[in-house]
Amino acid sequence: MVDISPELIAILMLGGVLVGVMTGYPLAIVIGFLGLIFGFLRFGFNVGEVLYPRAVSGVLMNYPLLAAPLFIFMGLMLERSGIAERLYDALYVWLGGLRGGLAIVTVLIGTIMAACVGIIAASITMLAVVALPSMVRRGYDKSLAAGSICAGGTLGILIPPSIMLVLYGPMAQLSVGRLFFGAFIPGFILSGMYISYIAIRSLLQPDLAPPVPIDQRRVSFLKKTWMLATSLLPAGFLVLSVLGTIFFGIAPPTEAAAIGGLASVILVIAYRRFNWHVLYEVSLETLKLCGFIILIVSMAFAFVGVFIGARGDTVVTEVILSTPGGKWGAFAVIMFICFILGMFIDWIGIVFIMVPIITPIGRALGFDPIWFAIMVCVNLQMSFMTPPFAMAIFIVRGAAPPEAGLTMAEVIRGVIPFVILIMVGILLCAFFPQLVLWLPGQMIR
């Protein structure tokens, strides 16, 4: 055992995370290594007494975490159903005649799929494959097209059923159901701001997003209505089967996730896309993603257990609480820290490392825990679009067909306005907290 001050522990462990991630090593290996090394230095061979209780209660006995693989299965199964293509075809004939209409359609589909899928990689890939070639072919500005895909696709990490909220709830000891409904209105506000930005910019700069010629969308009103109804009703069925059961108190999120998994299979069967190969692929991908999550969860619990055991959290709390500006100054520091971490660390790492540290600070500052959690989650929307670690940017660039000629610089330019809009959304929720808290207050317990 080495007598290391809490201040030095906090600096070395948190600094080690940033340095380790920038070396290119996976986050799980970095935080697991740091937790092990500093655990032995600080506690010697008694480190097991620090880590074991957290591992058992936080991972092995954490019932709400069972919802994660079920929601992942639901999202991946729904991806195979072809519902995104059907929605795009329906909204294309309705809104394609507007300037910026295809980009607006992209955000709308991202919003609808967010309430069904909840997996960022799946949502962004679907939008990039379905919408990007169509927009580029019709003369859309590539930056605007790529930005709308990144922004619309990342809504799935906020709008329920969100895997982020499923993982956040147990870490902060909050109800996942209340987090779900706290995130609804902020998610739709962001979607509305994205659409408004696209519409206004397209009016001011008509060459950026020309309307689709009428001969390419000449469909009768009845057929258009039928296309829209048959594409929206299945999505509505899935949302109601999951979120409706939670809102009306019929089932908690874990059981609701199981219902959603069954509903997604029924939809795939109804669309005649189901076969044993699809089931095998979805099950295997679910297993891979869950293994990745569990590995990070386990290593994060080890890291945080040592950090808290060595009183590093006390150092962080004292520094943040001493920030000038009272509780709002401290809140701004927390938001800034999460924003900076989002540039370098995957959101899963931020949730499992930072949430156990900052949640008690939020309570000490007098903030409502649900509101505070949703504000952090809205902030983490930016982590998908802020380089160098920007998952949405890399997925769009990788999924873009070669003939689109999309460059990384064009994607980065496209996401900047949407990152600014997320900052505006954070301010709105800060000034009007009922945007977050009203819907959870209406839940049937």
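To be clear, the structure that these remarks concern was listed above.
Bear in mind that the values here come from a model prediction, so they are computed numbers and not experimental data.

**Student:** Lay out the overall build of the protein chain in plain terms, naming residues and giving numbers.
**Tutor:** When helices and strands are tallied, the protein chain shows 21 helices and zero strands. Expressed as a percentage of its 445 residues, the buried residues of the protein chain come to 56%. Considering only residue pairs separated by 6 or more positions, the protein chain has 82% of its internal contacts joining residues 24 or more positions apart. Split by element, the accessible area of the protein chain, about 18500 Å² in all, is 71% carbon and sulfur. The centroid of the 23 positive side-chain charges in the protein chain is displaced by 10 Å from the centroid of its 18 negative side-chain charges.

**Student:** Help me get a handle on helix α12 (residues 221-247), residues and values and all.
**Tutor:** Residues that lie three or four places apart on an α-helix share one face, since the helix turns once every 3.6 residues. Approximately 35 degrees is the largest bend angle found in α12, and it occurs at Leu240. Note on α12: the residue one or two positions beyond its end, Gly249, has a positive phi of about 75 degrees.

**Student:** Which residues make up the packing of aromatic side chains, and what values do they have?
**Tutor:** Within this structure, the stated rule accounts for 15 aromatic pairs. Here Tyr197 and Phe418 contribute two aromatic rings whose centre-to-centre distance is 5.3 Å and whose plane-to-plane angle is 85 degrees, an arrangement assigned as edge-to-face. Taken together, the residues Tyr197 in helix α11 (residues 176-204) and Phe418 in helix α20 (residues 408-431) connect sequence positions 221 residues apart. What makes Tyr197 buried here is its relative accessible area of 19%.

**Student:** Report on the side chain of Lys224, specifying residues and quantitative values.
**Tutor:** Here Lys224 is to be found in helix α12. Judged by relative accessible area, Lys224 falls into the buried class, the value being 16%. The residues contacting Lys224, other than those within four sequence positions of it, are Val93, Trp94 and Val219.

**Student:** Tell me what's going on with the pattern of salt bridges, and back it up with residues and numbers.
**Tutor:** Taken as a whole and judged by the stated rule, the model has one salt bridge. The partner of Arg80 in a salt bridge is Glu281, and the shortest N-O contact between them spans 3.7 Å. With Arg80 in the loop between α4 (67-79) and α5 (83-95) and Glu281 in helix α14 (residues 276-309), this residue pair connects regions lying 201 residues apart in the sequence. Here Arg80 falls in the partly exposed class, since its relative accessible area comes to 22%. For Glu281, a relative accessible area of 32% gives the class partly exposed.

**Student:** Mind laying out the packing of helix α1 (residues 6-22) against helix α15 (residues 312-321), listing which residues take part and the relevant values?
**Tutor:** Their axes nearest at 8 Å, the elements α1 and α15 cross at an angle of 90 degrees. Here α1 is positioned roughly perpendicular relative to α15, judged by the angle of their axes. Facing Pro6, Glu7, Ala10 and Leu14 of α1, the residues of α15 in contact are Gly312, Val315 and Val316. Of the residues in the contact of α1 with α15, the class split is five nonpolar, one polar and one charged.

**Student:** Could you give an account of unusual backbone geometry, naming the residues involved and the relevant values?
**Tutor:** Omega for the bond connecting Pro160 with Pro161 falls within 30 degrees of zero, at 0 degrees, which places this linkage in the cis form. Note that Pro161 resides in the loop between α9 (142-154) and α10 (163-172). Note the cis peptide between Pro387 and Pro388, where omega equals 10 degrees. Position of Pro388 relative to the elements: it lies in the loop between α18 (369-380) and α19 (391-399). Positive phi, normally seen in glycine, also occurs at Gln173, with a value near 55 degrees. The topology assignment puts Gln173 in the loop between α10 and α11. Residue Gln173 is classed as exposed on the basis of its relative accessible area of 70%.

**Student:** How would you summarise helix α13 (residues 253-270) if you had to cite specific residues and measurements?
**Tutor:** The end-to-end C-alpha separation of α13 is 25 Å, in line with the 26 Å expected for 18 residues at 1.5 Å each. All of the buried residues along α13 are Pro253, Thr254, Ala256, Ala257, Gly260, Gly261, Ala263, Ser264, Val265, Leu267 and Val268. Close packing links the buried residues of α13 with α4, α11 and α12. Remark: Arg272 follows α13 within two positions and exhibits a positive phi of approximately 60 degrees.

Reading the values: the criteria
- Residues numbered from 1 in each chain as written.
- Predicted model: local features only at pLDDT ≥ 70, side-chain atom pairs only at ≥ 80, totals over all residues.
- Heavy atoms only, no water.
- Helix = DSSP H or I, 4+ residues; strand = E, 2+ residues; numbered from the N terminus.
- Buried < 20%, exposed > 50% of the residue type's maximum accessible area, 1.4 Å probe, protein only.
- Contact = heavy atoms within 4.5 Å.
- Areas by Shrake-Rupley, 256 points an atom, 1.4 Å probe, with all protein chains shown as cover.
- Lys, Arg positive; Asp, Glu negative; His and termini not counted.
- Charge placed at Lys NZ, Arg CZ, Asp CG, Glu CD.
- Bend = angle between axes of the 7 residues up to and from the residue.
- Phe/Tyr/Trp six-rings, centres within 6.5 Å; stacked < 30°, edge-to-face > 60°.
- Salt bridge = Lys/Arg side-chain N within 4 Å of Asp/Glu carboxyl O.
- Axes fitted to C-alpha atoms, helices over the stretch in contact; angles between N-to-C directions.
- Parallel < 35°, antiparallel > 145°, perpendicular 65-115°, else oblique.
- Nonpolar A, V, L, I, M, F, W, Y, C, P; charged D, E, K, R; others polar.
- Expected span 1.5 Å × (residues − 1).

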